[in-house]
Amino acid sequence: MSAVDEAAGPKTPGSKTPGSKTPGSKAAESENGRAARREAAGRGRRARAAMEADTGLVHRSWWTPYLFLAPGLVMVCLFSIWPFANTVILSFTDARILRGGTFVGFANYARAFADPGFWVAAGNSVLYLVVVVPCLVFLPLALAVLVQTKIPGIGIFRSAFYTPVIASAVVVGLIWQWVLRSDGLVNTVFLKLSIVSEPIPFLTDSTMLLVSAMIVTVWKGLGYYMVFYLAALGNVPASLHEAAAIDGAGTVRRFFSITVPQVKPMMLLVGTLSAISALRVFTEIYILGGESGGPGGGARTLPFLIRQVGLGFAGETGYASALSILLFLLTLVFSLLGRRLSKGDET
Amino acid sequence: MSAPSPPGGREPRRSRPGRGRRWTGLAGRYAALLLMLVVMLGPIVWQFLTSIRGRTENVYDGMLPSQPTLDNYVRVAESFPLLQYAGNTLVVAALAVSSNTLFAAMGGYALSRAAWKGRKVVFTLLVATLMFPFESVMISMFLTVREMGLVDTLIGVWLPGAVSVLNVMIMRSAFLAVPREVEEAAVLDGANEWTRFARVFLPSAKGALAVVCLTSFMGAWDDFLWPLLVLTDSDNYTLQLGLKTLAGATTVNDQRLIAAGAMAALIPMVLLFLALQRFFFKGVGEGAVKT
């Protein structure tokens, strides 16, 4: 730091620097003719803090930070805060896509709770979460442990495991469609080996379609969360493992009694993140099962339903907004749950 | 199944039988790795092999194509405007990368350095917006974009993602790491706020900038749901929408062509990934953990 200060020092004109404070630094004292700064250096930390608040690195005028933040704030207001407020408002109206609505109270919510289609979609979303989250909490951890050690060629494996993350949801959907179709790889091989007599309806049966989409989500998420766990594993002190090994703990034992407790905060984070993204699933089902979301819409998730209800010429924006709010509340529950769990863990 | 051995590859000293176990452990590890390799890359490789299969051979004639060819890539580009779709995607991606790097850096700068009245409020507000899942505001977002007359335009595809809050947070944590002395030196030099931002802070956050570039490029390249809502005219389609159309087109109905299209969308990303690996991994960690 002093190198930088000294380099800067000589060039600086003596009197009129706006932020002449660098208090306490050696370089500051080497510069003469700066009574204010020398005083500051002498006065200790409290005075120094006060100086900084006064003349320190504050912005020239109160609006400067807003100027820097303006583009971001405008965008956030326009495409995040306003849409959210608007969704809340619309959810209490009977608005349609081509006309505004009138206030209808909780009618849209009442309609949702009486709508079997809503319960199917909400049930699918929650089922998705319940199945996918444990897979994405534990499997990437196992994968991270597997690729953590530096053995020859491990870099290739790490990159390979990350490849599905880079692929777009559409590409991944198409790739798996070609594996799971009735004339796809799995069914062809199974038929040839006479494991099955008829193709398994991976993509044409609602439940199977949902399961297939879950497989795709887990497959795509493995590498993503593996990187999270690699970061967490890097922070586990090696001495813990050494001590346990000397005490005679085997690899399995060490995994459960050392690794798992050490990466528990990361497991909670991964659990929360994967829960929220499980509730948001759309593209996998759309690509694998088509626009209707499985036969009779039986594999629709909440985002799927929101899009179908809310858009198009007959789009019921009011009702779709109520569904959106319900989706939001659902994600809120799970993120608060995650936060609660990790708070409890810290104490 | 296998626990991590301590980093640095130094296993605690063991007697001879222990060494034998270590070798079997290593073999087991490689076996598990190879199994996972098949699971993770198998479907992709299968799609790739399909994409280079000759026109006359059966898709299931053995694992490897007997008449490998790139003909399918040519045919899909000729019969389907995938190149145009890729062009549209690149327009959106270029806009997204420029706006995100510049505006996220500016925002992150204002949030990271000197304290100012209201900083905490603004910061909390921004973090709070991360709680709204896109899917729960997309209908209203669509209405807003329609109000602006941007439905069915590439600008409409780009605009809502022009500055992502997550990117602002990435830039903020990068700027927080810049030593105070550097900034002070610049102040002594008489550099004004904008100069300090552009000449001192931006160059010192190159890594984070690369991450923002990369994630916003990938976001624009991979996004599907929002373009699906906004775009109606197929002339404006992005690559992902085009791929979906290609897969659904009854006129195509040739898996070799669909596979070629999917691979054409995937391969540029894979190359980008291989070239910039370190930034990819950095981005994942920073974006998620530090905010």
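**Quick notes on the overall build of chain A**
When its secondary structure is counted, chain A shows 17 helices and zero strands. Counting all 347 residues of chain A, 52% fall into the buried class. A separation threshold of at least 6 residues defines the contact pool for chain A, and within that pool the share at least 24 residues apart is 64%. Carbon and sulfur atoms make up 65% of the accessible area of chain A, which totals about 16,000 Å².

**Quick word on the overall build of chain B**
When its secondary structure is counted, chain B shows 14 helices and zero strands. Scanning chain B from its N terminus toward the C terminus, one meets helices and strands in the order α-α-α-α-α-α-α-α-α-α-α-α-α-α. Across the 291 residues in chain B, those meeting the buried criterion constitute 54%. For chain B, the share of sequence-separated contacts (at least 6 apart) that also reach a separation of at least 24 residues comes to 69%. When the accessible surface of chain B is summed, it comes to about 13,100 Å², and 64% of that surface belongs to carbon and sulfur atoms.

**As for the interface of chain A and chain B**
In this assembly, 108 residues from chain A lie in contact with 102 residues from chain B. Of the roughly 9,700 Å² buried at the junction of chain A and chain B (both faces included), carbon and sulfur atoms supply 75%. Joining chain A to chain B, the criterion identifies one salt bridge. Counting across the interface, chain A meets chain B through 12 residue pairs in polar contact (both at pLDDT 80 or more). Among the elements that line the side of chain A that touches chain B, the one with the most residues is helix α5 (residues 64–90) of chain A, at 21 residues.

**Some words on the side chain of Ser 216 of chain B**
All names here are of chain B. Along the chain, the position of Ser 216 falls in helix α10 (residues 206–222). Here Cys 213 takes part through its backbone oxygen, which lies 3.3 Å from a polar atom of the side chain of Ser 216. With residues up to four places along the chain from it excluded, the contact list for Ser 216 reads Ala 96, Val 97, Asn 100 and Asn 167.

**Some points on the pattern of salt bridges**
Counted under the stated rule, the structure contains nine salt bridges over all chains. Across the salt bridge formed by Glu 135 of chain B and Arg 280 of chain A, the nearest N and O atoms sit 2.6 Å from each other. Here Arg 280 of chain A lies in the loop between α14 (264–279) and α15 (283–289) and Glu 135 of chain B lies in helix α5 (residues 134–147), a pairing that spans two chains. Overall, the relative accessible area of 6% leaves Glu 135 of chain B in the buried class. Taking the relative accessible area as the measure of exposure, Arg 280 of chain A reaches 31% and is therefore partly exposed. Sharing partners across several salt bridges, the network here consists of Asp 71, Arg 75, Asp 254 and Arg 256 of chain B.

**Brief notes about unusual backbone geometry**
Of note in this structure, Ser 194 of chain A is not a glycine but carries a positive phi near 55°. Here Ser 194 of chain A shows up in the loop between α10 (185–192) and α11 (206–234). Judged by its relative accessible area of 60%, Ser 194 of chain A is exposed. At Asp 152 of chain B, a residue that is not glycine, the phi angle is positive and equals roughly 65°.

**Some words on a nonpolar patch on the surface**
Taken together, the side chains of Val 126, Leu 127, Val 130 and Val 131 of chain A present a nonpolar region at the surface, about 290 Å² in accessible area. Considering the arrangement of structural elements, one finds Val 130 of chain A in helix α7 (residues 116–148).

**Here we look at helix α4 (residues 119–129) of chain B**
The set of residues buried in α4 of chain B consists of Val 122, Leu 126 and Thr 129 of chain B. An end-on view of α4 of chain B places all buried positions within 60° of arc, on one side of the element. Among the exposed residues of α4 of chain B, those pointing more than 90 degrees away from its buried face are Lys 120 and Val 121 of chain B. Taken together, the buried residues of α4 of chain B touch α5 of chain A together with α3 (82–112) and α7 (165–176) of chain B.

**Side note on the confidence of the model for chain A**
Residue and element names in this part refer to chain A. For chain A, mean pLDDT is 80; residues scoring 70 or higher make up 82% of the total. The secondary-structure element of chain A with the lowest mean pLDDT is helix α1 (residues 2–8), recorded at 36, while α7 shows the highest, at 93. Contacts from residues 1–56, a stretch scored under 50 in pLDDT, to residues over four places away or in other chains number 57 contacts.

**Topic: the confidence of the model for chain B**
Residue and element names in this part refer to chain B. Of the residues in chain B, 87% have a pLDDT of 70 or more, and the chain-wide mean is 83. Element-level mean pLDDT values for chain B span from 57 in helix α14 (residues 277–289) up to 94 in helix α6 (residues 154–158). Counting contacts from residues 1–16, a segment whose pLDDT is below 50, to residues more than four positions away or on other chains yields 27 contacts. Below pLDDT 50 for its whole length, residues 285–291 participates in 12 contacts with residues either more than four positions away or in separate chains.

**Let's talk about the nonpolar core**
One broad trend across soluble globular proteins is that nonpolar side chains are buried collectively. Ranked by size, the top nonpolar core spans 190 residues in total, and within it Phe 118, Tyr 128, Phe 161 and Trp 176 of chain A together with Leu 126, Met 171 and Trp 226 of chain B carry the most contacts. With 16 residues, α11 of chain A is the single largest residue contributor to this core. Here this core spans two domains, since at least three of its residues come from each of domain 2 (64–107) and domain 3 (116–346) of chain A. When near neighbours in sequence (up to four residues on either side) are disregarded, Trp 226 of chain B contacts Phe 134, Met 138, Met 141, Phe 142, Val 145, Gly 156, Val 157 and Pro 160 of chain B.

**Some remarks on the packing of aromatic side chains**
Per the counting criterion, the structure on display carries 34 aromatic pairs over all chains. Plain terms: the ring middles of Tyr 286 of chain A and Phe 304 of chain A are 6.0 Å apart, the flat faces sit at 45° to each other, and that makes the pair tilted. Placement of the pair is Tyr 286 of chain A in helix α15 and Phe 304 of chain A in helix α16 (residues 302–310), with a sequence separation of 18 residues. When the ring of Tyr 286 of chain A is compared with that of Phe 224 of chain B, the centres are 5.5 Å apart and the planes differ by 55°; the resulting orientation is tilted. You can see Tyr 286 of chain A sitting in helix α15 and its partner Phe 224 of chain B sitting in the loop between α10 and α11 (225–230), one on each of two chains. Like Tyr 286 of chain A, the residue Phe 224 of chain B is buried in the burial classification. Each residue in the set Phe 68 of chain A together with Tyr 109, Phe 175, Trp 194, Phe 197 and Phe 201 of chain B is aromatic and connected to the rest through ring pairs, giving one cluster.

**Notes on the environment of Pro 201 of chain A**
Residue and element names in this part refer to chain A. Looking at the element boundaries, Pro 201 is found in the loop between α10 and α11. Overall, the relative accessible area of 36% leaves Pro 201 in the partly exposed class. Remark: the alpha-carbon pair of Pro 201 and Arg 181, spanning 20 residues in sequence, is separated by 7.7 Å.

**A few points about helix α13 (residues 251–262) of chain A**
Residues and elements named next belong to chain A. Compared with an ideal rise of 1.5 Å per residue, which puts 12 residues at 16 Å, α13 spans 15 Å between its outermost C-alpha atoms and is within 8% of the ideal. Listed as buried for α13 are Arg 254, Phe 255, Ile 258, Thr 259 and Val 260. Tucked into the core, α13 has its buried residues touching α7, α11, α12 (238–246) and α14.

**Digging into the environment of Gly 271 of chain A**
Residue and element names in this part refer to chain A. Considering the arrangement of structural elements, one finds Gly 271 in helix α14. Overall, Gly 271 belongs to the buried group, its relative accessible area being 12%. In this structure, the C-alpha to C-alpha distance between Gly 271 and Pro 134, residues 137 residues apart in sequence, is 7.5 Å. Discounting residues that sit within four places of it in the chain, Gly 271 has contacts with Val 133 and Val 137.

Scoring rules and cut-offs
- Residues numbered from 1 in each chain as written.
- Chains lettered and ligands numbered in written order.
- Predicted model: local features only at pLDDT ≥ 70, side-chain atom pairs only at ≥ 80, totals over all residues.
- Heavy atoms only, no water.
- Helix = DSSP H or I, 4+ residues; strand = E, 2+ residues; numbered from the N terminus.
- Buried < 20%, exposed > 50% of the residue type's maximum accessible area, 1.4 Å probe, protein only.
- Contact = heavy atoms within 4.5 Å.
- Areas by Shrake-Rupley, 256 points an atom, 1.4 Å probe, with all protein chains shown as cover.
- Buried area = accessible area lost by both parts, 1.4 Å probe.
- Salt bridge = Lys/Arg side-chain N within 4 Å of Asp/Glu carboxyl O.
- Polar contact = N/O pair within 3.5 Å; in protein donor to acceptor, adjacent residues only side chain to side chain.
- Patch = residues over 30% accessible without salt bridge, like charges linked within 9 Å, V, L, I, M, F, W, Y side chains within 5 Å.
- Arc of directions from axis to C-beta.
- pLDDT = per-residue confidence, 0-100.
- Core = buried A, V, L, I, M, F, W, Y, C linked by side-chain atoms within 4.5 Å.
- Domains from an automatic or database assignment.
- Phe/Tyr/Trp six-rings, centres within 6.5 Å; stacked < 30°, edge-to-face > 60°.
- Expected span 1.5 Å × (residues − 1).

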